[in-house]
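In case you want the letters, here they are:
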Amino acid sequence: MDVALASMALSQSQLMTNVSIAVLKNSMDTVEVSADSMIKMMEQSVTPNVGQTIDIKL
């Protein structure tokens, strides 16, 4: 195996690693946003008296 071929293989391996890391970071950001949204929804649903009574005028 010559030096040029080994260099190209290493470069390609580094590129694939960098791409995999970038995709993983993007996925982690998406999951973080989803988790934040879920936490906000759960915080809003903790009011126990909301929706238990109905005001009706006849």
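Preceding this section is the structure that the text describes.
Conventions we followed
Residues numbered from 1 in each chain as written. Predicted model: local features only at pLDDT ≥ 70, side-chain atom pairs only at ≥ 80, totals over all residues. Heavy atoms only, no water. Helix = DSSP H or I, 4+ residues; strand = E, 2+ residues; numbered from the N terminus. Rg over C-alpha atoms; globule rule 2.2 N^0.38 Å. Buried < 20%, exposed > 50% of the residue type's maximum accessible area, 1.4 Å probe, protein only. Areas by Shrake-Rupley, 256 points an atom, 1.4 Å probe, with all protein chains shown as cover. Patch = residues over 30% accessible without salt bridge, like charges linked within 9 Å, V, L, I, M, F, W, Y side chains within 5 Å. Salt bridge = Lys/Arg side-chain N within 4 Å of Asp/Glu carboxyl O.

Draft legend 1. Quick look at the overall build of the chain. Helix and strand counts for the chain come out as one helix and zero strands. For a compact globule of 58 residues, the expected C-alpha radius of gyration is about 10 Å, and the chain comes in at 26 Å, more than 25% above that figure. The dimensions of the chain, computed from C-alpha atoms along their principal axes, are 90 × 20 × 10 Å. Across the 58 residues that make up the chain, the buried fraction comes to 0%. Here the chain has roughly 5,800 Å² of accessible surface; of this, 64% comes from carbon and sulfur atoms.

Draft legend 2. Representation of a nonpolar patch on the surface within the structure. Side chains of Leu15, Val19 and Val23 sit close together on the surface and give an oily, nonpolar patch of about 270 Å² of accessible area. By the element assignment, Val23 lies in helix α1 (residues 3-44).

Draft legend 3. The arrangement of the environment of Ser20 in detail. For Ser20, the position within the fold is in helix α1. By relative accessible area, Ser20 is classed as partly exposed at 45%. Taking C-alpha positions, Ser20 is 18 Å from Glu32, a pair spaced 12 residues apart along the chain.

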